[in-house]
Amino acid sequence: MAARSTRTSHESKSEILKAALEVVRRAGAQSLTMDAVAEESGFSKGGVLYNFPTKDALITGMVEFLASQFEAEVAAARDRNLSSQSPTLSAMIEVSEGWLSERRDLAQAMLATKADRPDLSEPFMCVKTRLKAAIETELPDRGKAWSIWACLEGLHFSEAHCVTIFSDDERALVFQDLRKRLTQLKD
C-alpha cells in the first residue's frame, strides 16, 4: 500500500487504463465494469472512480490513451525510418503491422463501445490529422501516399469489424508490398 501513495495521478490513471484495456481485450467491451477494472488494476473501486468518475469517462480515457500510444509509437518508428521517402508513412506501416498482429482483439472490442459514442473517434482523428500534415511535408506525390494510407485504414477496418479475409501470412505480404511501394514513390 505504501508504494501506491507515491504514484502520481498520471501513473495511477495510466495503470487503470491499461487494466481497463486488458479487461476489454480479454473479455470484450460488454465486460468492462468498474469492478472488473478495479480487480484487474489492483486499485479499489473507489480509487478507480476517483480517477474516472463514470464509465463514459473511463472509455474516453481508454480511447485517448490508445491514440496517444499509437502516436508515440509512430514517432519512435519515424525516428528509426529517417532515411525513408516518407519517415512518417514508413512508421505508420511499421506500427500498423504491429498493432494488427498484437492488438487485433482490442480493436474489435473497442468498436462495440463506439456504437453509442461516435465522439470516440476524435482522439484518433486528431492524431491522423497531425500524421497527414507530416506526410504532406515529406512527399510531393500525395496520391500514392494516400493510397498506401488507405490500404492501412482498410486493414484496420476489416480487423476491427471482424471481416478480414487475409491470413496472417497474407497480411504480411500486404505489408511487404506497402513497404516496396513506399520505396518507389520518387518514380
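Above this note sits the structure.
Calculation notes
- Positions within a chain are numbered from 1, following the residues in the order the chain's sequence is written.
- Only residues with pLDDT of at least 70 get local features here, since the model is predicted, and only at 80 or more are side-chain atom pairs given and counted; chain-wide, interface and lining totals rely on the full set of residues.
- To obtain the side-chain values, all non-hydrogen atoms of the structure were included, while hydrogens and water were left out.
- Definition used for salt bridges: Asp or Glu carboxyl oxygen within 4 Å of a side-chain nitrogen of Lys or Arg.
- Counting from the N terminus, the helices are DSSP H or I runs at least four residues long and the strands are E runs at least two residues long.
- Each residue gets one of three labels from its accessible area relative to the maximum for its type: buried under 20%, exposed over 50%, partly exposed in between, using a 1.4 Å probe on protein chains only.
- Criterion for a disulfide: a pair of cysteine sulfur atoms within 2.5 Å.
- A 3.5 Å cut-off defines polar contacts: any pair of N or O atoms within that distance qualifies, except that in protein one atom must be a possible hydrogen donor and the other a possible acceptor, and neighbouring residues in sequence count only when both atoms are side-chain atoms.
- The contact criterion used is simple: two residues touch if any of their non-hydrogen atoms lie within 4.5 Å.
- Helix axes use the C-alpha atoms of the stretch in contact, all axes being lines fitted to C-alpha atoms, and the angles between their N-to-C directions lie in the range 0 to 180 degrees.
- Roughly parallel means an angle under 35 degrees; roughly antiparallel means over 145; roughly perpendicular covers 65 to 115; every other angle is labelled oblique.
- Put simply, Ala, Val, Leu, Ile, Met, Phe, Trp, Tyr, Cys and Pro go in the nonpolar bin, Asp, Glu, Lys and Arg in the charged bin, and everything else, Gly too, in the polar bin.
- An expected span of 1.5 Å times one less than the residue number is assigned to each helix.
- Definition of nonpolar core: a set of buried residues of the types Ala, Val, Leu, Ile, Met, Phe, Trp, Tyr and Cys, connected through side-chain atoms within 4.5 Å.
- Two aromatic rings, drawn from Phe, Tyr or Trp (for Trp, its six-membered ring), form a pair once their centres lie within 6.5 Å of each other, and the interplanar angle then sorts them: stacked below 30 degrees, edge-to-face above 60, tilted otherwise.

Trainee: When you look at the pattern of salt bridges in this model, what are you seeing that I'm missing?
Mentor: Side chains that carry opposite charge are capable of pairing whenever their charged atoms lie near each other. Taken as a whole and judged by the stated rule, the model has 14 salt bridges. With its nearest N and O atoms 2.9 Å apart, the salt bridge here joins E138 to R78. In this pair, E138 sits in helix α8 (residues 122-138) while R78 sits in helix α5 (residues 55-80), placing the two residues 60 residues apart along the sequence. Assessed through its relative accessible area of 17%, E138 is described here as buried. Assessed through its relative accessible area of 29%, R78 is described here as partly exposed. By sharing partners, the salt bridges in this structure join E22, R25, R26 and E40 into a single network.

Trainee: Honestly, unusual backbone geometry in this entry has me stumped. Any pointers?
Mentor: Across residues other than glycine, the phi torsion is negative in most instances, and most of the peptide bonds are trans. Of note in this structure, C162 is not a glycine but carries a positive phi near 60°. When you line up the elements, C162 lands in the loop between α9 (142-160) and α10 (168-183).

Trainee: Before we go on, may I ask you to explain the state of the cysteines in this structure?
Mentor: Here, disulfide denotes a covalent bond that connects the sulfur atoms of two cysteines. Taken as a whole and judged by the stated rule, the model has zero disulfides. Residue C151 stays outside any disulfide, its sulfur separated by 19 Å from that of C162, the closest cysteine. Accessibility expressed as a relative area gives 28% for C151, which makes it partly exposed. Residue C162 is classed as exposed on the basis of its relative accessible area of 55%.

Trainee: Honestly, the side chain of T88 in this entry has me stumped. Any pointers?
Mentor: Along the chain, T88 falls in helix α6 (residues 87-102). Overall, the relative accessible area of 1% leaves T88 in the buried class. A polar side-chain atom of T88 sits 3.0 Å from a polar atom in the side chain of R78. Once you skip the residues sitting within four places of it in the chain, T88 turns out to touch V74, R78, L131, A134, I135 and E138.

Trainee: When you look at the packing of α5 against α8 in this model, what are you seeing that I'm missing?
Mentor: Helix-helix packing is described using two parameters, namely the angle between the two axes and the distance between the axes. Where α5 meets α8, the axes come as close as 8 Å, and the angle between the chain directions of the two elements is 20°. The angle between α5 and α8 places the two elements in the roughly parallel class. Residues V63, E64, L66, A67, F70, E71, V74 and R78 of α5 form the contact with α8, whose participating residues are P123, F124, V127, R130, L131 and E138. Looking at the contact of α5 with α8 residue by residue, the class counts come to nine nonpolar, no polar and five charged.

Trainee: I keep staring at α5 and nothing clicks. Help me out?
Mentor: Residue pairs spaced three or four apart in an α-helix point in one direction, given the helix's 3.6 residues per turn. Between its first and last C-alpha, α5 extends 37 Å over 26 residues, near the 38 Å set by a 1.5 Å rise per residue. Along α5, the residues classified as buried are L58, I59, G61, M62, V63, F65, L66, A67, F70, V74 and A77.

Trainee: Can you walk me through the environment of S68 in this structure?
Mentor: Locating S68 in the fold gives a position in helix α5. S68 sits in the partly exposed class, given a relative accessible area of 40%. Along the primary structure S68 and E122 are separated by 54 residues, whereas in three dimensions their C-alpha atoms are 12 Å apart.

Trainee: How should α6 be read in this particular structure?
Mentor: The first and last C-alpha atoms of α6 sit 22 Å apart over 16 residues, in line with the 22 Å expected at 1.5 Å per residue. When we look at burial in α6, the residues that qualify are P87, T88, L89, S90, A91, M92, I93, V95, S96, G98, W99 and L100.

Trainee: Hey, could you run me through the nonpolar core in this one?
Mentor: Generally speaking, nonpolar side chains in soluble globular proteins are found buried as a group. Grouped together as the largest cluster of nonpolar side chains are 46 residues, with contacts concentrated most on L32, L58, M62, L89 and M92. Among the secondary structure elements, those contributing two or more residues to this core are α2 (9-27), α3 (34-41), α5, α6, α8, α9 and α10. The element contributing the most residues to this core is α5, with 10 residues.

Trainee: Whenever I open this one, the packing of aromatic side chains confuses me. Can you help?
Mentor: Working definition: an aromatic ring pair is given by the centre-to-centre distance plus the angle between the planes. A complete count under the given rule lists three aromatic pairs for this structure. With a centroid separation of 5.3 Å and an interplanar angle of 85°, the aromatic rings of F70 and W99 are classed as edge-to-face. In this pair, F70 sits in helix α5 while W99 sits in helix α6, placing the two residues 29 residues apart along the sequence. Each of the two residues, F70 as well as W99, counts as buried. Between W146 and W149 the ring centres are 5.9 Å apart and the planes differ by 65°, which places this aromatic pair in the edge-to-face class. Placement of the pair is W146 and W149 together in helix α9, with a separation of three residues, close to one helical turn. Taking relative accessible area as the criterion, W146 reaches 25% and is therefore assigned partly exposed. Within the aromatic cluster, the residues linked to one another by ring pairs are F70, W99 and F124.

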